[in-house]
Amino acid sequence: MKNSYRNPFSGINAVTLDDQAILDYWCSPFVYRLFSEIKETDIYEDPSNIVFMGGRSTGKTMFLRYWSFPVQLKLACQNKANNKAKRIIDYFKEKKGLGFYIRIDGPVLRSFDGFGIDTKKWNSIFTHYFELIVGRNYIEAIKKLYDLENLKRDEIEDQFIPEVRQIINEPQIQSLEALLSEFDNRIKEVDRFRGNIPFFKNDFIPSKGGFASQCLSFGIPEIAKKTISELKESINFILLIDEYENYLEPQQRVINTLLRFSKNEIRFRIGMRLEGFRTFNMISEDDFIKEGREYRKVIFEEVLIKDEGYYHFLKEVSKKRLESVSIFKENGKIDIAEFLSKTENLEEEALELVSKNPGKHFDHFKKFLTASDIDAITYKENPLLELLNILWVLRGVKVDEVKNAMEDYLNGNKTGKNEKKYHMDYVDKYKLSLMFLLCSIYRKHKKYYSFNTFSFLSSGIVGNFIELCRRSFQYAEFENKDLLIKEGKISNEQQTKAASDFSAAELQQINRIEKFGGIIYKFINNIGNIFRDFHKDKGIRYPETNQFSADIDNLPDQKFKDAMKAAIRWSVIQKKPNLQQSSPGKYLEDIYTINRIFSPSFQISYRTRGGHSVKLTASDIIKLMSEENVSSKDYLKQMNDESGKKFIQKKLFV
Amino acid sequence: MRKLVYQMDLISGEINDHDFFLLSGGSDYRAYEVLRKMKSKDTAINKILLFDFYERVRDIDKSDPYFEYQTIGFNNILPIKCSIRDPNSCLQDLIPLEAEFLSTTAPKIALDISCFTKPYFFYLLKLFKERFKIDSISVFYTEPQFYLFPGGISSAYRSSTGPLTILEIPGFSGYESRGDRRVLVILLGFDGDLSKEINEDISPSETLVINGFPSYSPKFKDISLVANEKLTSDRDIKVKFSRANNPFEVFNILEGIKNENGKSFINIAPLGTKPMALGACLFALNYPDVRVVYPLPEMYEKVTTNSCWNSWRYSFL
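Note that the structure is a prediction, hence the values are computed from the model and not measured. Every chain begins its residue count from 1, and numbering advances along the sequence as written. In the order they appear in the text, chains get letters beginning with A and ligands get numbers beginning with 1. Local features are withheld for residues below a pLDDT of 70 in this predicted model, meaning they are given only at 70 or higher, and side-chain atom pairs are given and counted only at 80 or more; totals for whole chains, interfaces and linings count all residues. Values shown for side chains rest on all heavy atoms present in the structure; no hydrogens or waters enter the calculation.

It is common to give the size of an interface as the accessible area that goes away when the parts come together. Between chain A and chain B, the residue contacts involve 40 residues of the former and 46 residues of the latter. Once two parts are brought into contact, the accessible area they lose, counted with a 1.4 Å probe and summed over both, makes up the buried area. For the pair chain A and chain B, the summed buried area comes to about 3,500 Å², and 44% of that belongs to carbon and sulfur atoms. When the buried area of chain A at its contact with chain B is split by residue, Pro107(A), Phe199(A) and Arg512(A) rank highest and sum to 24% of it. A side-chain nitrogen of Lys or Arg and a carboxyl oxygen of Asp or Glu constitute a salt bridge if their distance falls within 4 Å. Two residues, Glu168(B) and Arg194(A), come together in a salt bridge whose shortest N-O distance is 2.7 Å. The definition of a polar contact used here is a pair of N or O atoms within 3.5 Å, where within protein one atom must be able to donate a hydrogen and the other to accept one, and adjacent residues in sequence count solely through side-chain atom pairs. Run the count over chain A and chain B and you get eleven residue pairs in polar contact (both at pLDDT 80 or more). Put simply, DSSP H or I for four residues or longer makes a helix, DSSP E for two residues or longer makes a strand, and each gets a number counted from the N terminus. The set of elements that each furnish at least two residues to the side of chain A that touches chain B consists of helix 6 (106–110), helix 7 (119–147), helix 9 (176–196) and helix 23 (462–487) of chain A. Top contributing element to the side of chain A that touches chain B by residue count: helix 9 of chain A, with nine residues. Contacts: residue pairs with any heavy atoms within 4.5 Å of one another.

Written out as structure tokens, the structure reads:
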């Protein structure tokens, strides 16, 4: 047991996990009702094509692979072993589908381009290749079922194989194994061409004929359903295509065309980044696919994670990972909220912050408070309450009323004159904002820690939560492994370091975004700093303002419009699900937040309070994307004008 | 009887005459170090092919060190106009020379890889082997004395700016057979972003890294490990070591990996030193089922090194 510790959150990539590991780590999002647009049975049964959109690390690959034939076969075998089903094929008949996971990596996709070959020729080579990849996938699954004696021998050998060998023009083939080898050889033919084309300008002439679109991808399922009785009724062929955003535009046209003409029993489930469609066009120039007609969309990440389901889902994901480390499993330390603490303790954080200079926040406002005012509203046990008291005084409430309201709140006297408002202001409205202001006054960074905080910081992206945990465990192991293992605790400081480091790394990664990285980085820096200035406002006039409204779809400048779309695609900014009012009383429009993971870098809140948003016009967006160090003054003024709030001490505010 | 299959020489004295000498234009001082040495030793070269990348010349003026090749004293320099982003772009200028390459039975060809990007010299070596049927080439390389870290050694090193696209090096697509395990071997460099991006894009079942040790300077081996911490801290990543200036050691390690991994699709990402990358290239030329991938950035930094250290010649016999 001495060496049984390893970081439970490291090294798990859904693409490379083996089938059993997919099952081991699988947490069903349907149990936690994370999707409102789709139910579990839709995966195999819904006659529409479905596109799953989400940023990097949102769990799309895990999700698609779970429904694939090899993984479901493992489940089917378990069912059979537990006497839940007589035959494996019955499991699939009950599910009503077979899933075929297709992932072609980026470097391969990009190799179908250039070297003096025109797009049309590359398209037909790619189509041939894609058909082979899909066809091989089908044959592999059918062979597996046949080897497990779930399909009739005469149907396979006398009907299925002859029909397939006819469409692939290979009359000698007698077995499924030989069929698979034939597919392998033809795929290798394409690979050899890709390897040689940089040196020799030869045309691609497949030795036994090329395959047009649908030939195998639709042709083989048709043959299967015609010739194999077990597959005849109620089993759909589901193509699970991953990383669609990597497909080049001409390649997406090929697949889009398949979406348009997909048959009843052949359906697509496509995983891609947000805004991952490079085109909605098809091979035919004057036709295109449309949401609602050729496909429906399911979004993997939600900006406002109010639904408790997401927290429970994260806990379940974490539990599986903690259980995989024997030393944690044996000691029953499998609740991530115990390691991180459930929520922040802002009172404790505030006390620690002011400990070396307890009166500094009063000094900060001394121009507006007398010594007796300060005496009256002091409460050494809670600097946040003291700051709230200062705020109330600045907003015109008499000092003795403030004092009474505080005392009523502390004593639980709900009948007190201002107790209800005081309670609401402190608990519901301003506590976190007060903490940010206190940090600003004491010139210290806000700490980011706790399960609740990490859940928010992850911005609906499970992979972000996992990375925050990975780093936290890594730092904890380095600094105090015993505390981590024996007590199952990670300090607030270690968590804050993890959050800050990850935030900084993600910020730097923006520069690597294809084409627009530089200008998106500028935008985020500028808007992040504007939000930070809002958080530092002495009167907390804009509590936790960290969202903006904008009409991105109608930006007149195509370059900046494309850049904002890229920012969405890469989850750098996230759109709120529905149109909202940018501020109380305003008309509905699109509201965006920056990815919560950037909050530690800009020292801003990780939540969304609602309330006010910064309104960005087209020229604002261009300015924020083009210039460095844009001043927040204009935006503060904008909010000032909108809120119309007046204060006793106007000269307090710039 | 022992047979010599490769040779690695420190250049100090005479340098053999050559029929062709290929090198890359560049603003780094070491771009023309071997050419200067050849001049000082009165080495005879029939034709010098200088790969003239338009991305490197477009924003510089005539006083830039890039143009120093014009003052070294050779009058038989033929510029090959090409794009650094597309190795295939040089083919149109090289094809007319094909007859010259083949005009002698064993042409003496030398390639200075000091300032070529790795995809470029990979492409050239395969071009010579596959198309021109020449597989005996002398490869020259000059070590940098310093790498440039604008923010200091503890800050991240960047050899490029802007977004990255992970590509197969042209001609090195390999073949992935059904059921193969994917193995990724990364030759570690200083830019940690690159290895992370590649590991995610390729998504291998297993990743191994080869770190250059001994390196040109003792601290470099640590810089590469620290820069790639996100990758190397993963429990499943195995780290191997190979001398940073010896391609043949890398070749042997890769061969060992291939033998250990049986039915696997080997992917190599040569992010480390150029001699290490040369070893990967020789390996991939020997084993065409291996794939070599590389991150193509939007823009390369103009100068990433300073001064020169040793110059080496690697010969394959």
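Attention shifts here to the sheet that holds strand 10 (residues 591–594) of chain A. All names here are of chain A. Here, a strand pair is defined by DSSP locating no fewer than two bridges between the strands. Strand order in this open sheet of four strands is 7-10-6-11, and the pairing throughout is mixed. At either end of the open sheet lies a strand with only one pairing partner, and these are strand 7 (573–575) and strand 11 (614–615). Two strands pair when backbone bridges link them, and strand 6 (residues 547–549) and strand 10 are joined in this way by three bridges, in the antiparallel orientation. Looking across to strand 10, one finds that Phe 548 is bridged to Tyr 592.

Residues and elements named next belong to chain A. Think of each axis as a best-fit line through the C-alpha atoms, taken over the contacting stretch in the case of a helix, with angles from 0 to 180 degrees between the N-to-C directions. Taken N-terminus to C-terminus, the directions of helix 7 and helix 8 (residues 153–167) make an angle of 145°; their axes are 10 Å apart at the nearest point. Every pair of crossing elements has a handedness; the one defined by helix 7 and helix 8 is left-handed. Contacts between helix 7 and helix 8 involve Ile 139, Ile 142 and Tyr 146 on the former and, on the latter, Arg 153, Ile 156, Glu 157 and Phe 160. Residue type decides the class: Asp, Glu, Lys and Arg count as charged, Ala, Val, Leu, Ile, Met, Phe, Trp, Tyr, Cys and Pro as nonpolar, and the leftover types, Gly among them, as polar. When its residues are assigned to classes, the contact of helix 7 with helix 8 shows five nonpolar, no polar and two charged. Throughout, a crossing is termed right-handed when the near helix is turned clockwise from the far one, and left-handed when it is turned anticlockwise from it by less than a right angle.

With that out of the way, let us pick up the side chain of Glu197(B). Structurally, Glu197(B) is set in helix 6 (residues 192–202). Those residues within four positions of Glu197(B) in sequence are excluded, and the remaining contacts are Arg56(A), Gln509(A), Leu164(B) and Ile166(B).

Residue and element names in this part refer to chain A. For chain A, the domain assignment lists domain 1 (38–299), domain 2 (346–441) and domain 3 (513–654). Contact with domain 2, which involves 16 residues of that partner, is made by 19 residues of domain 3. Taken together, both faces of the contact between domain 2 and domain 3 bury some 1,600 Å²; the carbon and sulfur share is 68%. Summed over the shared surface of domain 2 and domain 3, the number is zero salt bridges. Between the two partners, domain 2 and domain 3, sit two residue pairs in polar contact (both at pLDDT 80 or more). Going through the elements one at a time, helix 19 (383–394) and helix 21 (419–441) are the ones with two or more residues in the side of domain 2 that touches domain 3. An automatic or database domain assignment supplies the residue ranges for each domain.

Let us now look at a nonpolar patch on the surface. Each patch is assembled from residues with relative accessible area greater than 30% and no salt bridge, linking like charges that lie within 9 Å and nonpolar side chains (Val, Leu, Ile, Met, Phe, Trp, Tyr) that lie within 5 Å. What sets the accessible areas is the Shrake-Rupley method with a 1.4 Å probe; for residues, cover comes only from the shown protein chains. On the surface, Phe213(B), Val239(B) and Phe241(B) cluster together into a nonpolar patch covering about 250 Å² of accessible area. Looking at where Val239(B) falls in the secondary structure, it is placed in strand 10 (residues 238–242).

Turning next to the domain arrangement of chain B. Residues and elements named next belong to chain B. Once the domains are mapped, chain B shows domain 1 (6–147 + 305–316) and domain 2 (160–300). Taken together, the contact between domain 1 and domain 2 spans 29 residues of the former and 29 residues of the latter. Regarding the contact of domain 1 and domain 2, the summed buried area is about 2,700 Å², with carbon and sulfur atoms giving 73% of it. For the pair domain 1 and domain 2, the number of links is zero salt bridges. For the pair domain 1 and domain 2, the number of links is eight residue pairs in polar contact (both at pLDDT 80 or more). Looking at the side of domain 1 that touches domain 2, the elements that each hand over two or more residues are strand 1 (6–10), helix 5 (118–130), strand 6 (137–147) and strand 13 (305–316). Considering every element that reaches the side of domain 1 that touches domain 2, the biggest residue donor is helix 5, with eight residues. Broken down by class, the residue content of the side of domain 1 that touches domain 2 amounts to 19 nonpolar, four polar and six charged.

The next subject is helix 13 (residues 308–323) of chain A. Residue and element names in this part refer to chain A. Every helix has an expected span of 1.5 Å times one less than the residues it contains. When the terminal C-alpha atoms of helix 13 are compared, their 23 Å separation across 16 residues agrees well with the 22 Å that a helix rising 1.5 Å per residue should span. Under the scheme applied here, a residue whose accessible area is under 20% of the maximum for its type counts as buried, over 50% as exposed, and between as partly exposed, the area being computed with a 1.4 Å probe on protein chains only. Of all the residues in helix 13, the buried ones are Gly 309, Tyr 310, Tyr 311, Phe 313, Leu 314, Val 317, Ser 318, Arg 321 and Leu 322. Among the structural elements, helix 1 (19–25), helix 14 (326–330), helix 15 (336–340), helix 22 (451–457) and helix 23 are those in contact with the buried residues of helix 13.

Attention now goes to the pattern of salt bridges. Per the counting criterion, the structure on display carries 65 salt bridges over all chains. Residue Glu176(B) is joined to Arg182(B) by a salt bridge in which the shortest nitrogen-to-oxygen separation is 3.0 Å. In this structure Arg182(B) comes out as buried when scored by relative accessible area, which is 11%. If you follow the salt bridges from partner to partner, you end up with Asp105(A), Asp191(A), Arg194(A), Glu168(B), Glu176(B), Arg182(B) and Arg291(B) in one network.

So, about helix 10 (residues 219–227) of chain A. Residue and element names in this part refer to chain A. Counting buried positions along helix 10 gives seven out of nine residues, so the element sits mostly inside the fold. For helix 10, the set of buried residues is Gly 219, Ile 220, Pro 221, Ile 223, Ala 224, Lys 225 and Thr 227. Looking at the buried side of helix 10, the elements it contacts are helix 7, helix 8, helix 9, helix 11 (229–232), strand 3 (236–241) and strand 4 (266–272).

Take the nonpolar core next. Residues and elements named next belong to chain A. Among the buried residues, those of types Ala, Val, Leu, Ile, Met, Phe, Trp, Tyr and Cys that are joined through side-chain atoms within 4.5 Å form a nonpolar core. Counting 212 residues, the largest nonpolar core has Phe 160, Ile 524, Phe 548 and Ile 573 as the members making the most contacts within it. The element that contributes the greatest number of residues to this core is helix 7, accounting for 14 residues. Those residues within four positions of Ile 524 in sequence are excluded, and the remaining contacts are Leu 507, Ile 510, Val 572, Ile 573, Ile 594, Phe 598 and Phe 602.

This next bit is on the packing of aromatic side chains. For this analysis, a ring pair means two rings from Phe, Tyr or Trp (six-membered ring only for Trp) whose centres lie within 6.5 Å, classed as stacked if their planes differ by under 30 degrees, edge-to-face if by over 60, and tilted for the remaining angles. For the coordinates displayed, the defined rule picks out 63 aromatic pairs over all chains. When the ring of Phe339(A) is compared with that of Phe473(A), the centres are 5.1 Å apart and the planes differ by 45°; the resulting orientation is tilted. Of this pair, Phe339(A) sits in helix 15 while Phe473(A) sits in helix 23; the two residues are 134 residues apart in sequence, bridging distant segments of the chain. An aromatic cluster is defined as three or more aromatic residues linked by ring pairs; in this entry it consists of Phe112(A), Trp122(A), Phe126(A), Tyr129(A), Phe130(A), Phe193(A), Phe204(A), Tyr244(A), Tyr247(A), Phe277(A), Phe280(A) and Tyr295(A). Sitting over the face of the ring of Tyr442(A), Lys360(A) holds its NZ or CZ atom 5.8 Å from the ring centroid. Counted as over-ring charges are cases with an Arg CZ or a Lys NZ within 6 Å of the ring centre that also lie within 35 degrees of the ring normal. A cation over an aromatic ring shows up here: Lys62(B) above the ring of Phe67(B), its NZ or CZ 4.5 Å from the ring centre.

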